[in-house]
Each structure stands twice: as C-alpha cells, then as structure tokens.
Amino acid sequence: MRIGIPRALLYYHYYPLWLTFWQQLGLQVKSSPPTNKEILNQGVSAAVAEACLPVKVFYGHALHLAPQAEFLFVPRLVSAEPGTYICPKLMGLPDMLRHAGKKLPPVISPTLNARCGPRAWELAFIRTAAVLGFGARQAERAWKVAVAEQARYTAKLGEGKTPLDVSEGAEDDDRSSRKALLVLSHPYNLFDDFVSLGLIRRLRARGYRVITAEMLPGRVIAEEAARLPKALFWSLGRLILGAGGYYLRSGGVVGIIHVVSFGCGPDSLVGELLERQARRFGKLPFLLLTLDEHTGDGGMVTRLEAFLDMVEWRGAS
Amino acid sequence: MQAYLGLDVGSVSTNLVLLDERGEVISSLYLRTQGNPIRAVQEGLAQVEKEIPAGTSIAGVGTTGSGRQLAATMVGADTVKNEITAHAVAALNELPEVQTVLEIGGQDSKIIILRQGVVVDFAMNTVCAAGTGSFLDRQAARLGVPIEEFGALAERAENPVRIAGRCAVFAESDMIHKQQLGYPVEDIVAGLCEALVRNYLNNVAKGKDIAAPILFQGGVAANIGMRRAFEKALGFPVIVPPYHAVMGALGAALLAKRAVAGRRSTHFRGFDVSRWHFAVSSRSCGGCANQCEVVEIRGEGKLLARWGDRCGRWSNVSVEAAGR
C-alpha cells in the first residue's frame with residue numbers, strides 16, 4: 001500500500017511523526033517534492049480564490065501526489081496542545097480538498113484534537129491504522145517509534161537548525177559568531193523555499209544567522225505567551241508572539257522579520273499584536289513581509305535590502 | 001571637475017541627477033519611462049551629456065528604483081541601492097534633522113521614519129496602488145484638468161467634498177456621483193486629495209510614529225493640494241524639497257559619491273552607452289519544474305548580465321566567459 005503525504009502546511013511541523021508511523025506499519029510513504037512553479041500553478045487553479053496562499057500550495061501538492069498514491073493522508077488537525085486551536089482553514093482542509101472537484105484517491109483524515117485528552121492523537125492514529133487492517137499492538141509500537149522520531153527532530157531544531165537544514169542533513173557550520181535575525185512565520189511559509197522566495201538563503205548569504213520560533217524551547221514560548229493580556233488560542237500565533245516577545249525583551253538579535261501570507265486570518269491579528277509590541281519596546285528594527293502568488297521577487301528584495309540597510313545603519317550609529 | 005551621477009529608474013519615471021563634488025545639483029532630469037526603461041536611460045544619458053559643463057568627468061554612478069539592476073548593468077554602476085535607502089539619504093542631505101519622509105511616486109508610495117539621522121522604520125504600499133501618481137493622473141485626465149493645475153485648483157476649494165478613498169475604483173465612482181450632483185470641480189479635486197491622504201495614512205503609514213520635520217518627496221509632492229491635505233490631516237507643516245521629484249536619483253548620486261570615496265576608478269562605461277545597441281531577451285529555463293524566466297541583456301552584441309533564475313545556473317555564469 002502506498003500512502004501519499006503532501007509536503008505542505010503542517011507537514012513541516014509533523015513530518016517525522018507522520019512518515020515514521022506509516023513506515024513502521026510497513027506502508028510505502030510518498031511525499032510530494034518541494035514546491036515548484038508547476039505545483040503552485042496546479043494549486044492556484046484548483047483552490048477556491050479566497051483561500052490563503054499556503055492552502056493553495058497544499059492543493060497543488062495533493063494533486064501532484066494523486067496519481068502516485070492509493071491514499072492521501074490529510075489529518076484534520078483541530079488542536080495540537082490542550083487549550084489551543086489550529087487555524088479553521090486547516091481544520092476544514094480534508095473537506096475542502098474532497099470537494100475541490102478533482103480526481104483524488106481516498107483521503108484518510110483522522111481528527112487530531114488534543115482538547116479531547118492527552119492520548120487523543122495516539123488513539124486517532126491507532127483507530128485509523130485499524131481501519132487499514134493493522135492491530136492495536138502493532139499500531140501502538142509504531143506510535144512510540146514515531147513519537148521518538150518527532151522528539152529527535154524537535155531537539156535538532158533546538159540546536160539552531162531549520163527544518164530545511166535537518167532534511168538536507170546540513171552540517172553545522174559555525175554561525176554562532178554572526179549577528180542574528182529573528183525570522184517569524186509559519187513553518188510552511190518560511191521553510192518552503194519556493195514560497196518564501198528563498199528568504200533564509202538570502203539572509204544567510206548576507207552574513208546573518210537566522211533564528212526561528214521553532215528553535216526556542218516550548219517552556220520559553222509558554223512563559224512569554226502567558227504575558228499576553230488574554231490567552232491566545234491559536235497555537236501557531238502563540239509560537240510567533242512568544243518568540244517575538246522573548247527576543248524583544250532579552251535582545252540577542254539585531255532585527256525581527258515577520259513573514260505573513262496575504263489573506264491569512266489569524267496573522268492579520270497576530271501580526272498587529274507583534275508589531276505593536278515591537279514598537280512599544282522600540283529597540284529592534286521590525287519588518288513585515290507579505291507573501292503572495294507572485295514569483296517575481298522584486299518587491300521582496302527591495303524591502304529586504306532596505307531593512308538590512310536599516311539594521312546595519314542602526315548598528316553603526 | 002568631478003561629478004557624480006544618480007539614476008532612479010521607476011515604473012513611471014526615470015530620473016537622473018548630476019552632483020558636483022560638494023553635493024550640489026548640476027543638472028536634474030525627470031523623464032517618463034513609458035514601459036521602456038532602456039530607452040529612458042539612454043535618453044537621459046544623452047541629455048546629461050549635453051548639459052554637463054566642459055572639463056567635468058563622471059567619478060561615480062549610483063542606481064536605484066525598480067529598474068536599478070537593469071540600469072546598473074547598462075551604465076556600469078558603482079553602487080546599486082533600494083529606493084528606501086536612496087530616498088532616506090537624499091532627505092538627510094536636504095534636512096539633517098528630518099524625522100519623517102512621505103514619498104508618493106507613480107506606482108508606489110512609502111513612508112520612512114528617521115531618528116537622529118538613522119532610518120528606524122519604513123513601509124511601502126503592498127497590493128493597492130490607490131493614491132499614487134498614476135491614479136491622480138487618470139482622475140485629472142477624466143476631469144479634464146491638466147495634472148499641473150490639479151493642485152492649484154484644489155487650493156481654491158471652499159468645501160472639499162468627502163470622497164471614498166479606500167479603493168481607487170470606489171473613489172472614481174464616488175467622484176462621478178458627486179459630479180453628477182453638481183458639486184464644483186475644485187471641491188471634488190480637493191476632496192480627492194483628502195481621500196488619498198487618508199488612504200495613505202491608514203494603509204502605508206498605519207501605526208507609524210509620524211513626527212516633524214516632515215519631508216514630502218516624489219512626483220506627487222508637486223501637487224499643492226496633496227501637501228495641504230497632509231498638513232490638514234497631520235497638523236504639522238509639510239516641507240517639499242526643491243528637487244522633490246528626483247530625490248531617489250539624488251540619493252543614488254550621493255551614495256555613488258560615498259561608494260567611490262578613497263577609490264580612483266568608476267565602473268561607468270561612459271556616455272557612449274546612450275548610443276549603444278542594447279538587446280534584451282527572455283526565455284524559460286527548462287532545467288527544472290520551476291521554469292524560471294531568465295532575462296539576458298546584451299550591449300553591442302556582448303553579454304552583460306543574466307538574471308531571473310532561482311538557482312544561479314544562469315546568473316552565476318561568468319559574464320566575461322559567456323560573452324565570447
């Protein structure tokens with residue numbers, strides 16, 4: 001049996017868990033290749049016009065995989081941690097995809113909802129495996145291995161690697177002496193090199209070390225998020241605000257870049273909160289970069305160059 | 001005498017400024033790009049060549065604007081800078097204590113916040129071009145008012161009407177509506193200026209800490225109606241510098257002067273460039289699924305540069321080696 005997992009959206013958070021679980025059960029797992037122009041075009045033409053860019057990209061990946069897999073794995077991710085929610089567009093993803101009017105293999109979409117108890121994710125995976133004919137014992141074993149794999153991945157991010165570095169097996173090159181920039185965004189924007197127009201590569205080429213929210217321990221994010229006047233229930237926004245707050249308070253970076261995709265609902269609020277915080281502290285240069293379907297990088301390059309000039313100018317004065 | 005040349009190649013206008021050693025303007029040019037940046041740069045160079053005082057040599061060249069890379073390749077630039085930095089440098093040269101720069105050009109608008117001579121924040125318009133020069137041009141033409149008289153007309157208004165400024169399409173239909181109701185054209189024109197300023201302050205300048213002194217730059221700054229509308233909305237005097245329309249080019253020239261300081265040579269190819277034959281071609285690279293659109297520029301048959309690829313397969317090719 002061959003199961004396809006689109007390389008888009010929360011894949012960038014959870015691919016070690018998802019891949020390992022199905023591989024442990026002996027399934028052949030096929031991921032789509034990194035986003036390219038063809039995939040983007042496919043997604044844009046298939047998705048509803050109102051969807052945000054990352055959702056359109058997801059469609060493209062699913063359609064790309066469709067002829068190569070017997071099943072598509074598209075979990076309905078409701079909540080990753082107790083007390084939080086994932087963006088509603090992602091909760092509705094399997095339904096949107098099924099009704100895109102395209103020929104697709106059956107979509108497997110267990111509901112992953114951490115609000116239903118500490119073992120909710122595990123039980124959802126085991127139940128799904130049961131439908132495909134795997135016993136509970138076998139599935140439990142696969143789950144344990146998958147969770148360990150996910151933990152190893154998280155630990156690597158904690159060492160200052162990006163998901164791209166991990167998947168490409170990049171060696172540690174000593175960047176610790178370099179000036180650091182905090183780049184905040186959802187991993188599916190930032191670590192999709194095509195969508196982000198190579199942002200991380202560009203910053204590293206200019207001699208900066210890139211820090212992302214995933215590199216901070218969950219404990220720090222939780223502490224910072226607790227400072228907000230009201231608990232933020234979007235886990236992805238919490239990550240961004242937590243990391244932003246931490247560096248605004250502690251320093252250690254020379255600037256902050258927030259990358260959002262045009263039409264993202266949660267980011268329209270999270271971005272505003274972050275920008276206000278940045279202004280209140282007033283010490284670090286802050287740039288809001290908006291991504292959309294354009295493959296032309298002119299607008300982004302201009303803003304980025306101006307921002308880095310500003311960072312260097314401030315550093316010199 | 002030595003002089004420094006700045007080029008600002010934008011979507012609507014191509015501007016050139018020639019500075020002397022003390023940073024004073026020798027000549028400045030404002031040309032329409034009209035979709036052909038290569039021709040605009042060549043025309044500009046030819047005109048500067050005519051105006052340049054005898055015995056003056058070009059010691060440095062800087063380019064900026066959305067066509068900065070193309071212009072730099074054509075003329076041979078010593079520095080290539082983004083528009084924000086170029087405008088900030090020019091503004092600081094004009095008024096060292098400046099704290100806010102409002103800039104409205106043909107297709108885009110920006111705000112730059114400075115403190116103690118350093119840029120601390122900036123923004124550019126994103127997806128909406130409402131409130132930029134091209135929109136004003138279009139509305140002036142529709143009202144039958146020459147764009148040069150637009151501002152003076154707005155100043156004569158006694159009761160500016162309220163126009164919806166959130167979107168160019170809405171503004172236009174709102175204006176037509178007000179015309180049909182019989183409002184005087186000067187009140188509509190003044191209302192439009194106020195609407196555009198509101199739109200700018202709510203979008204581009206959203207949340208920015210605007211403090212005086214304020215400089216208003218870009219082609220639209222020539223419009224006295226827009227300047228008054230800004231003053232009314234902000235409650236501060238707004239200064240329009242004498243070379244407001246070419247501040248980007250001025251900044252690029254100043255940056256060129258800095259870039260060649262302590263150096264004896266410039267990359268400038270000479271004024272002959274205005275008579276060169278330039279050929280630009282583009283093709284879709286078939287190397288991978290990204291199908292990047294690669295642009296190639298040749299001058300007098302010689303390959304000068306390539307760009308547009310993501311991986312560097314084309315742009316990294318040594319131009320000298322490839323240009324046989």
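Residues numbered from 1 in each chain as written. Chains lettered and ligands numbered in written order. Predicted model: local features only at pLDDT ≥ 70, side-chain atom pairs only at ≥ 80, totals over all residues. Heavy atoms only, no water.

Draft legend 1. Molecular detail of the overall build of chain B. Within chain B one finds 10 helices and 13 strands. Relative to the 2.2 N^0.38 estimate, which gives 20 Å for 324 residues, the radius of gyration of chain B is 21 Å and therefore close to what a compact globule would have. Counting only C-alpha atoms, chain B reaches 65 × 50 × 35 Å along its principal axes. Each of the 324 residues in chain B was classed as buried or not, and the buried ones make up 54%. (Helix = DSSP H or I, 4+ residues; strand = E, 2+ residues; numbered from the N terminus. Rg over C-alpha atoms; globule rule 2.2 N^0.38 Å. Buried < 20%, exposed > 50% of the residue type's maximum accessible area, 1.4 Å probe, protein only.)

Draft legend 2. Spotlight on the overall build of chain A. When its secondary structure is counted, chain A shows 14 helices and 10 strands. The C-alpha radius of gyration computed for chain A amounts to 20 Å, which stays within 12% of the reference 20 Å derived for 317 residues, consistent with globular compactness. Dimensions along the principal axes, computed over C-alpha positions, put chain A at roughly 65 × 40 × 40 Å. Here chain A holds 317 residues, and the buried ones make up 56% of them. Here the analysis covers contacts within chain A between residues at least 6 apart in sequence; of these, 74% occur between residues at least 24 apart. Element-wise, carbon and sulfur atoms account for 54% of the exposed surface of chain A, whose accessible area totals about 13700 Å². For chain A, the distance from the average site of its 38 positive side-chain charges to the average site of its 29 negative ones is 5 Å. (Contact = heavy atoms within 4.5 Å. Areas by Shrake-Rupley, 256 points an atom, 1.4 Å probe, with all protein chains shown as cover. Lys, Arg positive; Asp, Glu negative; His and termini not counted. Charge placed at Lys NZ, Arg CZ, Asp CG, Glu CD.)

Draft legend 3. Up close: the sheet that holds strand 10 (residues 286-291) of chain A. Residue and element names in this part refer to chain A. The strand order across the open sheet built from four strands is 8-7-9-10, with neighbouring strands paired in parallel fashion. Two strands lie at the open edges of the sheet, namely strand 8 (209-211) and strand 10, each paired on one side alone. Between one strand axis and the next, the sheet turns through 25° on average, direction left out of account. One ladder, built from six bridges, connects strand 9 (residues 255-261) with strand 10; its direction is parallel. Each residue of the ladder has a partner; that of Ile 257, found in strand 10, is Leu 287. Contacts from helix 12 (residues 235-250) reach strand 7 (180-184), strand 8 and strand 9, with the element oriented near 155° to strand 7. Of the strands in this sheet, strand 7, strand 9 and strand 10 touch helix 13 (residues 265-281), which is tilted by about 165° from strand 9. (Pairing = 2+ DSSP bridges. Axes fitted to C-alpha atoms, helices over the stretch in contact; angles between N-to-C directions.)

Draft legend 4. Inspection of the sheet that holds strand 1 (residues 2-5) of chain A at higher detail. Residue and element names in this part refer to chain A. The four strands lie next to each other as 2-1-3-5, forming an open sheet whose pairing is parallel. Edge positions in the sheet fall to strand 2 (28-31) and strand 5 (107-108), since each of these pairs with one other strand and no more. In the sheet, strand 3 (residues 71-73) pairs with strand 5 via two bridges, with the strands oriented parallel. Counted as the bridge partner of Leu 72 is Val 107 from strand 5.

Draft legend 5. View of the packing of helix 1 (residues 11-24) of chain A against helix 7 (residues 136-158) of chain A. Residue and element names in this part refer to chain A. At a minimum axis separation of 8 Å, helix 1 and helix 7 run at an interaxial angle of 150°. Regarding the angle of helix 1 to helix 7, the classification is roughly antiparallel. Helix-helix and strand crossings are classified by hand; for helix 1 and helix 7 the assignment is right-handed. Contacts from Tyr 12, His 13, Tyr 14, Tyr 15, Pro 16, Leu 17, Thr 20, Phe 21 and Gln 24 in helix 1 reach Ala 139, Ala 142, Trp 143, Val 145, Ala 146, Val 147, Glu 149, Gln 150 and Tyr 153 in helix 7. Classifying every residue of the contact of helix 1 with helix 7 gives 13 nonpolar, four polar and one charged. (Parallel < 35°, antiparallel > 145°, perpendicular 65-115°, else oblique. Left-handed = near helix turned anticlockwise from the far one by under 90°. Nonpolar A, V, L, I, M, F, W, Y, C, P; charged D, E, K, R; others polar.)

Draft legend 6. View of the packing of aromatic side chains. Summed over all chains, the structure comprises 19 aromatic pairs over all chains. When the centroid spacing of 5.2 Å and the interplanar angle of 45° are considered together, the rings of Phe125(A) and Trp143(A) count as tilted. With Phe125(A) in helix 6 (residues 120-131) and Trp143(A) in helix 7, the pair connects residues that are 18 residues apart, well separated along the chain. Overall, Phe125(A) belongs to the buried group, its relative accessible area being 0%. Among the residues examined, Trp143(A) registers a relative accessible area of 11% and is labelled buried. Note that Arg115(A) overlies the ring of Tyr85(A), its terminal NZ or CZ placed 3.9 Å from the centroid. Just above the ring of Trp314(B) sits the side chain of Arg283(B); from NZ or CZ to the centre is 4.5 Å. (Phe/Tyr/Trp six-rings, centres within 6.5 Å; stacked < 30°, edge-to-face > 60°. Lys NZ or Arg CZ within 6 Å of the ring centre and 35° of its normal.)

Draft legend 7. Fine view of the environment of Ala278(A). Residues and elements named next belong to chain A. Note on placement: Ala 278 falls in helix 13. Expressed as a C-alpha distance, the spacing of Ala 278 and Val 57, which sit 221 residues apart in the sequence, is 30 Å. Beyond its immediate sequence surroundings of up to four residues, Ala 278 is in contact with Leu 248, Lys 283 and Phe 286.

Draft legend 8. Examining the environment of Ser13(B) more closely. Mapped onto the elements of the fold, Ser13(B) is located in strand 2 (residues 13-20). With 296 residues separating them in the primary sequence, Ser13(B) and Asp309(B) have C-alpha atoms 27 Å apart.

Draft legend 9. Quick peek at the packing of helix 5 (residues 147-155) of chain B against helix 8 (residues 224-234) of chain B. Residues and elements named next belong to chain B. It is at 6 Å that the axes of helix 5 and helix 8 come closest, and there the two elements cross at 45°. Considering the angle they form, helix 5 stands oblique to helix 8. For the pair formed by helix 5 and helix 8, the contact residues are Gly 151, Ala 152, Ala 154 and Glu 155 on the first element and Ile 224, Gly 225 and Arg 228 on the second. In terms of residue class, the contact of helix 5 with helix 8 is made up of three nonpolar, two polar and two charged.

Draft legend 10. Focus on the interface of chain A and chain B. Between chain A and chain B, the residue contacts involve 27 residues of the former and 27 residues of the latter. Interface area, chain A with chain B, both sides summed: about 2200 Å², of which 49% is carbon and sulfur. Broken down residue by residue, the surface that chain A buries against chain B is led by Lys37(A), Arg303(A) and Trp313(A), which jointly contribute 28%. The closest approach of N and O atoms between Glu305(A) and Arg68(B), which form a salt bridge, is 3.3 Å. (Buried area = accessible area lost by both parts, 1.4 Å probe. Salt bridge = Lys/Arg side-chain N within 4 Å of Asp/Glu carboxyl O.)

Draft legend 11. How the structure looks around the domain arrangement of chain B. In terms of domains, chain B is made up of domain 1 (2-87 + 248-275), domain 2 (96-240) and domain 3 (278-322). Here the C-alpha centroids of domain 2 of chain B and domain 3 of chain B sit 40 Å apart. (Domains from an automatic or database assignment.)

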